[in-house]
Structure formats: C-alpha cells, structure tokens
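What follows is each chain in one-letter form.
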Protein chains: 2
Amino acid sequence: MKNAYIISTGTELLLGTTLDSNSVFLSQKLIELGINIIGKSTVGDKHEQLTRAFALGLESADIIIASGGLGPTFDDLTKIVACELLECELELREEEDKHLREIFAQRHRPMPEINLRQAMFPVEAVALKNSLGTAPGMYLKKNDKLIILLPGPPREMTNMYLDEVEPLLKKDFALDIHKVFRRNIKTLGLGESQVEEKLGDLMHVPDGLAMALLAIDGEIHIRLTAEGQEEQSSRQCLADHSVKIVERMGRNVFAFDDETLLSRVASLLLTRGIRLAVAESCTGGLLSKMITDMAGSSTYFWGGVISYSNEAKQLVLGVKETTLIRHGAVSPENAREMAQGIRQIAGSDFALSITGIAGPDGESPDKPVGLVYIGLAYDGGCDVKELRLGGGRDIIRIISAKSALDLLRRHIEFR
Amino acid sequence: MKNAYIISTGTELLLGTTLDSNSVFLSQKLIELGINIIGKSTVGDKHEQLTRAFALGLESADIIIASGGLGPTFDDLTKIVACELLECELELREEEDKHLREIFAQRHRPMPEINLRQAMFPVEAVALKNSLGTAPGMYLKKNDKLIILLPGPPREMTNMYLDEVEPLLKKDFALDIHKVFRRNIKTLGLGESQVEEKLGDLMHVPDGLAMALLAIDGEIHIRLTAEGQEEQSSRQCLADHSVKIVERMGRNVFAFDDETLLSRVASLLLTRGIRLAVAESCTGGLLSKMITDMAGSSTYFWGGVISYSNEAKQLVLGVKETTLIRHGAVSPENAREMAQGIRQIAGSDFALSITGIAGPDGESPDKPVGLVYIGLAYDGGCDVKELRLGGGRDIIRIISAKSALDLLRRHIEFR
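Residues numbered from 1 in each chain as written. Chains lettered and ligands numbered in written order. Predicted model: local features only at pLDDT ≥ 70, side-chain atom pairs only at ≥ 80, totals over all residues. Heavy atoms only, no water.

Quick look at the environment of Gln236(B)
This is how the line gets drawn: Per the convention used, a helix needs a DSSP run of H or I reaching at least four residues, while a strand needs a run of E reaching at least two, with both numbered from the N terminus.
Considering the arrangement of structural elements, one finds Gln236(B) in helix α7 (residues 231–249). Expressed as a C-alpha distance, the spacing of Gln236(B) and Leu209(B), which sit 27 residues apart in the sequence, is 11 Å.

A short note on the relation of the copies chain A and chain B
We count it as follows: C-alpha atoms of residues with pLDDT of at least 70 in both copies form the basis for the least-squares superposition of the copies. We call two residues in contact when some of their heavy atoms are within 4.5 Å.
Note on the identical chains: chain A maps onto chain B by a rotation of 180° and an axial translation of 0.0 Å, with an RMSD of 0.1 Å. With respect to symmetry, the two chain copies, as superposed, fit the operation of a two-fold axis. When the interface residues of chain A are mapped onto chain B, 100% of them again lie at the interface, so the same face is used by both copies.

Concerning the layout of surface pockets
If a probe as big as a water molecule is rolled over the atoms, it shows which places are left empty. The condition that has to hold: With a 1 Å grid spanning the protein atoms alone, the term cavity applies to any set of points in which a 1.4 Å probe fits but cannot get out, the term pocket to an open set with protein on both sides within 12 Å along at least five of seven lines, and the term lining residue to any residue with an atom within 4 Å of a point. Grid points are joined across faces, edges and corners, and a volume is the space filled by probe spheres set on the points. Throughout, the ten residues Ala, Val, Leu, Ile, Met, Phe, Trp, Tyr, Cys and Pro are labelled nonpolar, Asp, Glu, Lys and Arg are labelled charged, and all others, Gly among them, are labelled polar.
Considering only enclosed or pocket space, the second largest pocket measures out at about 510 Å³ in volume. Around the second largest pocket sit 27 residues that line it, and Gly356(A), Ile357(A), Asp361(A), Gly362(A) and Ser298(B) are the ones nearest its centre. Contributions of two or more residues to the lining of the second largest pocket are made by α10 (310–315) and β15 (350–356) of chain A. For the lining of the second largest pocket, the leading source of residues is α10(A), giving 3 residues. Tallied by class, residues from the lining of the second largest pocket come to 8 nonpolar, 12 polar and 7 charged.

Quick word on the pattern of salt bridges
Where we set the bar: Any carboxyl oxygen of Asp or Glu that lies within 4 Å of a side-chain nitrogen of Lys or Arg is treated as forming a salt bridge with it. A 1.4 Å probe rolled over the protein chains alone gives each residue an accessible area, and that area as a share of the maximum for its type sets the label: buried under 20%, exposed over 50%, partly exposed in between.
For the structure shown, the criterion picks out 37 salt bridges over all chains. Across the salt bridge formed by Glu311(A) and Arg275(B), the nearest N and O atoms sit 3.6 Å from each other. A residue pair is termed interchain when its members come from two chains, as with Glu311(A) in helix α10 and Arg275(B) in the loop between α8 (261–272) and β13 (276–280). A residue is classified by how much of its surface remains accessible, and Glu311(A), at 40% relative accessible area, is partly exposed. Classification of Arg275(B) by relative accessible area gives partly exposed; the value is 22%. With its nearest N and O atoms 3.4 Å apart, the salt bridge here joins Asp383(B) to Arg415(B). On the criterion of sequence distance, the pair formed by Asp383(B) in strand β17 (residues 381–388) and Arg415(B) in the segment after α13 (393–414) is long-range, its members being 32 residues apart. Members of the salt-bridge network, linked through shared partners, are Arg264(A), Asp406(A), Arg409(A), Arg410(A) and Glu413(A).

Describing helix α5 (residues 154–170) of chain B
All names here are of chain B. For the record, the criterion: Think of it this way: the bend at a residue is just the angle between two axes, each fitted to seven residues, one set ending at that residue and the other starting at it.
Along α5, the sharpest change in direction is near 45° and occurs at Tyr161. Listed as buried for α5 are Glu156, Met157, Met160, Tyr161, Val165, Glu166, Leu168 and Leu169. For α5, the secondary structure elements touched by its buried residues are α1 (21–32), β3 (63–67), β6 (126–128), β7 (137–142) and β8 (145–150).

Describing the interface of chain A and chain B
Put simply, the rule is: Under this definition, polar contacts are N or O atom pairs within 3.5 Å; protein pairs additionally need one hydrogen-donor-capable and one acceptor-capable atom, and for neighbouring residues in sequence, both atoms have to be side-chain atoms.
With 59 residues of chain A at the interface, the matching set in chain B holds 59 residues. Joining chain A to chain B, the criterion identifies 6 salt bridges. A salt bridge links Arg52(A) to Glu59(B), with the shortest nitrogen-to-oxygen separation between them at 2.8 Å. Here chain A and chain B share 28 residue pairs in polar contact (both at pLDDT 80 or more) between them. Elements with a minimum of two residues in the side of chain A that touches chain B: α1 (21–32), β2 (36–43), α2 (47–60), β10 (209–216), α9 (286–293), β14 (301–306), α10 and α13 (393–414) of chain A. Classifying every residue of the side of chain A that touches chain B by side-chain character gives 26 nonpolar, 22 polar and 11 charged.

Some thoughts on unusual backbone geometry
With an omega of 0°, the peptide bond running from Gly359(A) to Pro360(A) counts as cis. Along the chain, Pro360(A) turns up in the loop between β15 and β16 (371–378). Here the phi dihedral of Glu87(B) falls at roughly 55°; this positive angle occurs in a residue that is not glycine. Topologically, Glu87(B) is positioned in the loop between α3 (78–86) and β4 (90–92). Even without being a glycine, Asp257(B) presents a positive backbone phi close to 55°. Along the chain, Asp257(B) turns up in the loop between β12 (253–256) and α8.

Structure (structure tokens):
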C-alpha cells in the first residue's frame, strides 16, 4: 500500500477562518484509490516552513501532494521549494509561456513579466493543464517519490485532480489500487456504544479484515477494510462479514459507501413518484434546506412551512389553539397536527413535521432541552416519534432533521 | 511575537470524513491572543508519524499545542512521544490516579488497569483538569518551548482550552499579547477585486500596519493588523486607517471583528422590536435555517414558507397565476408577490423573499443559473433586487440568503 502526505499552503488557511476543503477532498479521493494518508500539513507561504513540510512529506511518504503556491507572486514558492529539496533546476517551458500569453491576450490584458514564473518548471517535471485558471500544476517522479503540485483555488484544484492526476495515479504509477476493498455501512437511530453492543461478537473480525466505528453527526458508520489477501478471498471475506452486520443492524442501516441519507431518501421518493411537504418548528428550515441541497429536489419536494411561532402553527397549518394550550408546542399532539396540516394544504403523499426544544433556552421541568417530536403523515395515518437528544443546539437540530428523513425512509422501505 | 504549531492527532482525521474543528478553534483563539500560527499538522495514531510532527513543531515554534491521543488505549501516544523528544520520564500522579478512580466509582464501574495510563505524566508537566471526560491534559515548559496537550473530543478540548490554557497563556507565560491590534471590517455586495478597486490608495497602508482581503462565502473581509510600535501609536494608526476604509466602503460595511451578518441583523431586529417573516424558493429553507441558527430568534422570527413548487407559491402565499405564467417564478414580480404575501399572512413588520435558479439545471436562454431576485416588503412598499451569481448551487444559495439579510439590514440602518 502506498503512503501519501498532503500539504496545503496559504497563510489564510492558518487564520481559522478559511476551511481547508482541498485536503479533505484529496484525502477522500486518495483513500478511494487505496492510498493511505499518512499525514497532512498546513503551512503559510514562507520558504522555511514550506521546506520543513515538504521535507517531512518526502521523509515519510511515497506520494506528496500539495495545493497552493503556484501563482505568479513572490509568495508563491512551492515549485521552488520542491526543486531545492529534489535538487533539480527550474527551466522556462516554451509551450507554457505561449499558453499563458494566449490567456492574457484573450482577456485583452498585457501579461505582467512576473507571470513568466508560472511557465517555469523543474527540468524533470510534467506540466498539468489548468482549464480554469492561469496556474498550471505539475508532477515529478524522482528518487522513488512522486510529487504532485496543484493550484490552491478549490475549483481549479479539484478539476485538475480529476482530469489529470487521478488517471495518472490509476494508470502510469500502477498503484496496487485493487488490493484494498472497503465497505461502509451507515446506520441511524442508535448511539456508538449501542451499535457496539448490538454487533457483539461481530466486532471481532476475521483475519485480513479491519473494522472501525465512526460517529458523524448522529450517524454511526461501520467501516470495513479488507486487504493483504488474494483479491478473491479479500472480496469474499468483506462480503461475508458485511452481510452479517447488515442483518444484525436491520432497519438501522440506511445506506452504503458513498450513498447518504439524503440521496437514499431522494432516490426512494423519485423512483416511487412520491411528493413530500414539511412543517418545521425547532429546526427552523434545516430539514427543507437539507432536502433542497440536492439538485432536482423540486421533482418530489412541494415545499413547507416554518412555523417558528405559535401564530404560524395555527394560522397556516391549522393547529388547534386547544392543542397548544393543553399540550404545548412541544408535544406529540402538535407534531401530529403540524404534519397532517401541511399534508392537507400540499395535497402531498407524505408530510414530515418537527417540533422540539433546541435550546439553550426554553426548557421546563418536564420538557428538557433536546426533547423533540417528529411526525409523519401519510394516507391513512400519522406516526409520531419522540427523541431525547443532547449535544447542544446545532447537533440537536441536525439529528432532528435527519431522524425525520429516516422516519420517512423506514416507512417507505418497510411498510 | 510568539509562534505556535498546532498538531491534531487521530487516524479518523485523515479519512476526509471527520472535520478537524479543533485546529480551527485553536487557530482562532491563539490569533486572538496575538500568537502567530506557523503551521498545522494532522497525523494518525502512529508513533513514528507523531514523533515527526512533534519534532517539526519543536523545531519551528515556541508553543506546540496538540489535541487527541490522551485516552487510555495503546494508540494514545502523545504523552509518550512528547516525553521522548523532550527527554523526560513518565511518572504516576497519585492525585490523578485518585481522581480517575472516583470518576469510575461514580459511574459504578470498575476502573480497567489500562486507564492508569491516564494518570501518568512527564515529571516536569502540570496536569490540566478535564471536567467533561476522563483524560486530563497537561502543559510542560522545557528548553524555552511550551508544550500543551489537550484531549481530542471537541467539547472537552474547547472547555479545557478556555478554562485552563487561555488564562495560562495570558498570565503565566507573559506573552506580548497586548502589542498586536486587529480590526476586521466585513463587507457584502462587492467582489474582491471591486473592493480592491474601491479602496484604491487605501490599499497602501502606513508603516506598522498590515492589510489583507479575505473572501469568505460572498463576504469580503478587510483585515488590519497593527504591531511592532508603541501601544498608543499602534492603536492610533489602526483606528485612523479603519475610519478611512469604513468611510470609503460605506453601506457595504455590515459588521466588525467577531460580529457576523446574522448577529448584526438579529441585534437590529431585537433592539427595534421588529418581527420578520420569510418566503423562500431557490434557497429552500436556508435563509430560515440561518436566522434560527441564533438561539432566541423566536423573539423576532415569525416563521416562513418554503414555496419550492408553484402550487405552494399560489396556494399559501397567494402569488397570482398570471404572474407565474407571464413572468415566470424567477422574476421581480414573483419576488414582490411572495414578500408581500408572506408579510400579509404573518402580519409582520418586514418580510423577505428569495426566488432564483440555483442550478445546475433549470436555466433558460434569458434566465441563467445564478439569476436570483430578493424582495423586501415593509409598511408602505416593497423593494426587489436582482443578483447574478456564479460558483455553483451551494454558494449561489448561501449568497442569496446573505444578500436578503443584507437588504433588510441596509433598509433598517439607512432608511
């Protein structure tokens, strides 16, 4: 198995305000290819720090993949640092020079001489085309190490990775990418320790298989990795253990591998021609936002009502005043009336509702922060489920919205 | 100015699925104290990799702050690695041992012997209390370096940082934290290059001042840093230049420093006793979600309607069928009727609406992806603004929602 080291350069990444999405993308993509990520480093545009990060990468990994620092200005140093460490010379590439001048000509702007730096490459390097910007990338194989330099802007970086780097890693460098097999089994509804308890003896995996549990925003992912065996027996071993886990976890399993709860629910709604409407209180639009994160959701999503105030619940959804007085807004009765109310207005097949206390304020002795009711109205009935969540406002809202989607999924899949 | 190096440990951080929120938090907090972040490293729980990351940190920074790897199991290695590099011995601390045993006794569970590892510390280290978990942290000053080890779970880490580490950095280590002054001027409505052009001569800052532009989800932040002078003249220099920039940028300035667009709008609504309702189409709940991200938003937020389908626009908001036929759903006319419709239903002071094409599908020759109309209905009128955005579905939705909030802010502040 090959090891990779990821370097993100750019002073803005050290300020804690810009998210380093490049290294997240590259991790996921390299892991898909069966490459092991041995570490990541983030450094500013300083020569000394860049040198240290590259040196550490060269020391510990087979592949060093860096983003950023390929621009034309004085603080764009990655090519220079790579050259120094690998002991190669920079040379001007005619074709890159020509290409750069063309880009500037198209934009009817003169090319500043400083941009010539973007046409300079280490002698042994192969330039990588940037179809979205002026900074070309490059790769270089030397001393059994593969160094890949990509531009910093995320769109340019992902585009270049997918178009130029991934095919390279797959083919030219003949990685043993087919010897690692993975299966990610995603569950919802149980906590990490409950999943562990339920799996029981299945936590002990056969030789050649590795298992890890990962808790991600209320989901528990069971990750299986098979490697180090003949392809056939790796596959078999992974498949056998997966089947047992899926059987044991039952309805809690909502998706596999790259599939998400959202894409699973979307495909259920799409293939069955089901239309959905929602009524949200404590999630305040998060459920609708999640549903409409998916392009094309207008096919199955009617829309909804954010009934954040009691007036909105009564006026738009038709929740009865007596319900709110007798049981309060955070009650199974209100969840039921909200779901049935929006389903009637929308004339949709299904309707989801969420009402609860996301906190930090608003709790009462019998209704603590984290108490949430989710409702699912359908032809002939309405189910209400009670949740008792912890972890603060954000996570309470996220798990509430996901649990509502999961209630719908289970209804469609198992009823 | 002191330099810090941040290390995040944990194999799960290298998979590209778990966000490294610890290093983001630590960056922000250390920068607040005027400490310069020189680099960050993420490593798995492997002895060799941990050693390399710590060695790099010790080589390049004055302060090394690491999170994770303080648990009781065999792959929790940070204390061991720190000891080896600093050449100290591990010793068992009676008081920590006692404290651990109490925690287990409270939970009515026997303490596994392996947990004793959590009571072991380098001889010169000071233990840091963990009020939310079993793993204590520690700090150690040796050879002019300060090493701080914190637990990995974000809640425990942030809690320990704020309770134990921040006071330490402020007092005991007498950092020059008062010699750096910062001002962050946040603008909305102009692109990065437009801001640069508008600032013109103000891009050239006086000696002792540094300026940087940062583009963050449609916002452009103008960051000023003053350092290296007498406190009085640093402050003066920063204040003078800030005033000029704010004057030049005018209504585009929506907030300063830690204030966000959301907190600014929330405080305007709160202090003036204004109630708001919304009607969303292409943002599909994102605007409502943003507003309700703030605890306490029920004071000023009535709720809203996600009119994702044309039926919802007509049925709930009362948009005229002729409007949708003649002008389409993505039109200033529809934005106006949506805003006025929800304002009438809610009886609120203000109402915002958003309709547009978030893409990637749904465009027509005269209505490209990124065309968005936002409406603001108020007593006596309704304003509509056209946006032409790029950058893909997610960013189009985010900037649309922010622009709607900004339209409201400008109306309240300047009319």
